[in-house]
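Structure assessment
So the chains spell out like this:
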Amino acid sequence: MALLFTPTPALRDAAPNRWDWCLLPLVLALLVLAAYGAMQMDRPFVVGEALPISLDPLYLPYYLLRTILRMFTALGFSLLFAFLFAAIAAKYRAAEKAMIPLLDVLQSVPILGFQAIAIAPFIALFPGNLLGVECAAIFAIFTSQAWNMALSLYQSFRSVPAELSEASRIFRLSAWQRFWRLELPFAMPGLLWNMMMSMSGGWFFLVAAEAISVAGQDIKLPGIGSYIAVAIDQRDLGAIAWAIGAMLAGILLYDQLFFRPLLAWADRFRFEESQGDTAQRSWLLDWLRRSRWLSALSNRIGDGFQAAMGWFPQRHDGTVASRTWLRLPDWWPRAWDALLVLACAFAFVRLGLFVHQDVGWAETFHVLGLGLLTLLRVMLLIALASLVWVPLSIWIGLRPRWSQKVQALAQFLAAFPVNLLFPLVVVALVHFQLNPNIWLSPLMVFGTQWYILFNVVAGAASIPHELRLAADNLGLRGWLKWKRVYLPAVFPSFVTGAITASGGSWNASIVAEYVSWGDTSLSATGLGSYIKQMTDAGDFHRIALGIGVMCIYVMLLNRFFWRRLYRLAENRR
């Protein structure tokens, strides 16, 4: 253990330069703020105790600190989940058959459903401590981040070019080495853009995550989400404006200190060498590279990583280069398929009993009809968003300088909670007597259309420079160039973004189809509005029915539409 803290010769002999002294206060400030925020999360608390939220703007920096700590904690767990899920689902066909439909279910379950399940166990796990409620909020944010990252990483693993896979077999890389040497570096650019989108997704559902109801008590954890919830309850437009400003400041801050350096660092994982005038740039990454101590420390970490590559080597006899797979009995695939069929049959039997005994078939058919209306809204909105954002995203992705300029703006727009639009929407619809069934629909896709933008930008940025030069040399211009080069190249990325945007739109329908501002409420006919009204009424059986129907629609849509599109993209890559 002592070796972990023993200074290397490079660290002992290297005198700090001016970049070390510039970075020292920044690093210390971040450590102090993180430690202070963590201390505030771990303090005595009893359910029923009031946690007052002040609308005084002076408290906003503290609330912003608490919110960002929760979001980055959830992001770390989401990253670990994505690594494990994607690696297993992409490598094992039997696991994929169960895990991908499970992911469809998970991304369609509303965040309120996860929170209702998790809050009591977390409070019981940390009795008499605020950490239980904090863990429940972090888990709720995790559910708004993890599914998108896992799906992106899984589909990147499945899209590794055949020539690179063949090279890994020739060099006899083990599964461990293949993951770190090939699959993760290949997926890194897309993963980083999806991490940014996941952070923005956490902001989008922040009000639901930080304002928790348990045992008849409303708990509002100190944070931007609770601040927004109180401002909406009190109809305080000034406080909402301050909250928007704090959100923008927080997004710009972690964009400059976290995501921008990572994107610039990830340029090394492109197929071709980055062009000097088009590479992502970060002032912080430049400082880090010029720092003498941090360079020596990164070298030591790199040496440790190189040593870790020797773990779990592939065993071979030196005569063949092909990969040796674990041989399973011939009956195993059929037995696994039979087990999955039995599990599905059991689930349908339980669902039938639940419908027959607790809600009735008439109510079930009514909810199925509401789900069909929401399905039509989702598909129409995704199609319209795709027509707008796919060409614009390709244009941005092919120009890294522009992608750097719009990066923070896109994160802010994706993070903008739709709740903050309720005053404008309610006033406009009431004043102009507009139909809520039509004009509330755009709210569903307001926070999810950015999944298409982020994924397509990442896909366009990864188009090999040689391919673009070849298209120019062949004289491809206009629509022909888009049809033959750009659109096929970004198609897998688009499908990944569209699948996630579709699932997010179903989730967002609960917020978008039923809006309120003060005493005025407007609702559109649909499944999201039904679930929201049943949640307010506390009708558990109908809440479960609504969530179940939503899961069924999302699974069928993904299975028979989006997955087929992705298989098409996978076969044509």
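Values in this document were obtained by computation on a predicted structure and should not be read as measured data.

Parameters at a glance
Residues numbered from 1 in each chain as written. Predicted model: local features only at pLDDT ≥ 70, side-chain atom pairs only at ≥ 80, totals over all residues. Heavy atoms only, no water. Helix = DSSP H or I, 4+ residues; strand = E, 2+ residues; numbered from the N terminus. Core = buried A, V, L, I, M, F, W, Y, C linked by side-chain atoms within 4.5 Å. Buried < 20%, exposed > 50% of the residue type's maximum accessible area, 1.4 Å probe, protein only. Contact = heavy atoms within 4.5 Å. Axes fitted to C-alpha atoms, helices over the stretch in contact; angles between N-to-C directions. Parallel < 35°, antiparallel > 145°, perpendicular 65-115°, else oblique. Nonpolar A, V, L, I, M, F, W, Y, C, P; charged D, E, K, R; others polar. Expected span 1.5 Å × (residues − 1). Bend = angle between axes of the 7 residues up to and from the residue. pLDDT = per-residue confidence, 0-100. Patch = residues over 30% accessible without salt bridge, like charges linked within 9 Å, V, L, I, M, F, W, Y side chains within 5 Å. Areas by Shrake-Rupley, 256 points an atom, 1.4 Å probe, with all protein chains shown as cover. Salt bridge = Lys/Arg side-chain N within 4 Å of Asp/Glu carboxyl O.

**Considerations on the environment of Ile 117**
As for its position among the elements, Ile 117 is in helix α5 (residues 111-125). Along the chain, Ile 117 and Ala 136 lie 19 residues apart, while their C-alpha atoms are 9.4 Å from each other.

**Regarding the nonpolar core**
Membership of the largest hydrophobic core comes to 138 residues, with the highest contact counts inside it found for Leu 153, Trp 203, Ile 224, Ile 452 and Trp 506. Apart from the residues within four sequence positions on either side, Ile 452 is in contact with Ile 382, Ala 385, Ser 386, Trp 389, Val 390, Ser 393, Phe 494, Gly 497, Ala 498 and Ala 501. Core analysis: the second largest hydrophobic core is formed by 11 residues, Phe 45, Leu 130, Ala 136 and Ile 219 among them.

**Some remarks on the packing of helix α12 (residues 237-265) against helix α13 (residues 283-290)**
Relative orientation and spacing of two packed helices are given, respectively, by the angle between their axes and the distance between those axes. Two numbers describe how α12 lies on α13: the axes approach to 7 Å, and their chain directions differ by 75°. In terms of orientation, α12 lies roughly perpendicular with respect to α13. Judged by residue contacts, Gln 256, Leu 257, Pro 261, Ala 264 and Trp 265 of α12 engage Trp 283, Leu 284, Leu 285 and Arg 289 from α13. Of the residues assigned to the contact of α12 with α13, the class counts are seven nonpolar, one polar and one charged.

**Some words on helix α23 (residues 478-512)**
End to end, α23 covers just 38 Å across 35 residues, shorter than the expected 51 Å (1.5 Å per residue, more than 12% under). Bending of α23 peaks at approximately 50° at the position of Phe 491, with proline Pro 492 no more than four residues after it.

**As for helix α9 (residues 175-204)**
In a regular helix each residue adds 1.5 Å, so 30 residues correspond to 44 Å; α9 covers only 37 Å between its end C-alpha atoms and thus falls short of that length. Along α9, the sharpest change in direction is near 55° and occurs at Met 188; proline Pro 189 comes one to four residues later. When you tally the buried positions in α9, you get 25 out of 30 residues, the bulk of the element.

**Things to note about the confidence of the model for the protein**
Regions with low pLDDT should not have their predicted coordinates read in detail. Per-residue pLDDT for the protein has a mean of 78; in total, 85% of the residues score no lower than 70. Of all the helices and strands in the protein, helix α1 (residues 9-13) carries the lowest mean pLDDT, 52, while helix α3 (residues 60-91) carries the highest, 91. Of the regions scoring below 50 in pLDDT, residues 1-6 engages in three contacts with residues more than four places distant in sequence or in other chains. Here residues 273-277 is a poorly scored stretch, pLDDT under 50, and it has five contacts once near neighbours within four places are set aside; other chains count.

**A word on the environment of Phe 139**
Here Phe 139 lies in helix α6 (residues 131-143). Using a relative accessible area of 25% as the deciding quantity, one classes Phe 139 as partly exposed. Separated by 68 residues in sequence, Phe 139 and Met 71 have C-alpha atoms that sit 9.8 Å apart. Those residues in contact with Phe 139, other than ones at most four positions away along the chain, are Phe 114, Ala 118 and Phe 122.

**Structural notes on a nonpolar patch on the surface**
Among the surface-exposed residues, Trp 21, Leu 24, Val 27, Leu 28 and Leu 31 lie close enough to one another that they form a single nonpolar patch of about 510 Å² accessible area. Note on Val 27: relative accessible area 41%, which makes it partly exposed.

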